[in-house]
Amino acid sequence: MKEFALERYKYILQQIHATNENVYKFLAIYQAMASALAAAGLALFVGYKGWGVTPTVTRAGLIGLLSLITVIGTFTILLVLVGILAWLDYRHEECELTDEIVYPGFRKKPRVRNFFRWYETYIVAFIATSIAFMWWFAATFILPFVK
């Protein structure tokens, strides 16, 4: 029984580690895609006259790129939130296992109210803020000058 518990504990720790690593992968994907799409939007804004693109099509293209960034960001936030739920589940399982095998209270159960300590909170806030900033910046400084 103890060998099984030890193997299960190793598996749980491996899964906790994987969920932590996945957050950074999701953030890297978001940053790369958002940067590429923002660069495409900037190129469109700077070059639309020289390329013979009408202002209406340019505005639609910029809004389309911003919408795509928003979809990617929203999906990334969803993946991070699912990762948090998975992490909480694995941590609860870890605590139950150590309560049974080691002694009760060996590991404290995670508390959702400590969310302000989790780096995932700030990654989600960064993504949401960057999306809001891009929409504000485009609406204020880019779209009004497409004429």
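This text goes with the structure placed above it.
Note that the coordinates shown come from a computational prediction; the quantities given were computed from them, not determined experimentally. (Residues numbered from 1 in each chain as written. Predicted model: local features only at pLDDT ≥ 70, side-chain atom pairs only at ≥ 80, totals over all residues. Heavy atoms only, no water.)

Asker: Sorry if this is basic, but what is going on with the nonpolar core here?
Answerer: Grouped burial of nonpolar side chains is what soluble globular proteins tend to show. Core analysis: the largest hydrophobic core is formed by 32 residues, its most contacted members being Tyr 30, Leu 62, Ile 69, Ile 127 and Met 134. Only helix 1 (2-47), helix 2 (55-101) and helix 3 (119-142) provide two or more residues apiece to this core. The dominant element in this core, judged by the number of residues it contributes, is helix 2, at twelve residues. When neighbours within four sequence positions are excluded, Ile 69 is seen to be in contact with Tyr 30, Ala 34, Leu 37, Ala 38, Ile 131 and Met 134. (Core = buried A, V, L, I, M, F, W, Y, C linked by side-chain atoms within 4.5 Å. Buried < 20%, exposed > 50% of the residue type's maximum accessible area, 1.4 Å probe, protein only. Helix = DSSP H or I, 4+ residues; strand = E, 2+ residues; numbered from the N terminus. Contact = heavy atoms within 4.5 Å.)

Asker: Help me understand the layout of surface pockets, please; the structure alone is not making it clear to me.
Answerer: The rolling of a water-molecule-sized probe over the atoms marks out the regions of remaining empty space. Approximately 230 Å³ is the volume attributed to the largest pocket. Of all the secondary structure elements, the ones that give two or more residues to the lining of the largest pocket are helix 1, helix 2 and helix 3. Top contributing element to the lining of the largest pocket by residue count: helix 3, with five residues. Considered as a void within the structure, the second largest pocket measures approximately 170 Å³ in volume. (1 Å grid on protein atoms, 1.4 Å probe; cavity = no way out; pocket = protein on both sides within 12 Å on 5 of 7 lines; lining within 4 Å. Points joined across faces, edges and corners; volume = space filled by probe spheres on them.)

Asker: Even after reading the chapter, I still don't get the packing of helix 1 against helix 3, so can you show me in this structure?
Answerer: Helix packing for two helices is described by the angle between their axes and how far apart those axes are. Close contact between helix 1 and helix 3 brings their axes to 11 Å; oriented N to C, the two are set at 5°. In terms of orientation, helix 1 lies roughly parallel with respect to helix 3. Together, Asn 20, Val 23, Tyr 24, Leu 27, Tyr 30, Gln 31, Ala 34 and Phe 45 of helix 1 and Tyr 119, Glu 120, Ile 123, Phe 126, Ile 127, Ser 130, Ile 131, Met 134 and Ile 142 of helix 3 make up the contact between the two elements. Partitioning the contact of helix 1 with helix 3 into residue classes produces 13 nonpolar, three polar and one charged. (Axes fitted to C-alpha atoms, helices over the stretch in contact; angles between N-to-C directions. Parallel < 35°, antiparallel > 145°, perpendicular 65-115°, else oblique. Nonpolar A, V, L, I, M, F, W, Y, C, P; charged D, E, K, R; others polar.)

Asker: Any chance you could explain a nonpolar patch on the surface here in plain terms?
Answerer: Residues Ile 101, Val 102, Tyr 103 and Phe 106 make up a contiguous nonpolar surface patch of about 340 Å² in total accessible area. Tracing the backbone shows Phe 106 in the loop between helix 2 and helix 3. (Patch = residues over 30% accessible without salt bridge, like charges linked within 9 Å, V, L, I, M, F, W, Y side chains within 5 Å. Areas by Shrake-Rupley, 256 points an atom, 1.4 Å probe, with all protein chains shown as cover. Salt bridge = Lys/Arg side-chain N within 4 Å of Asp/Glu carboxyl O.)

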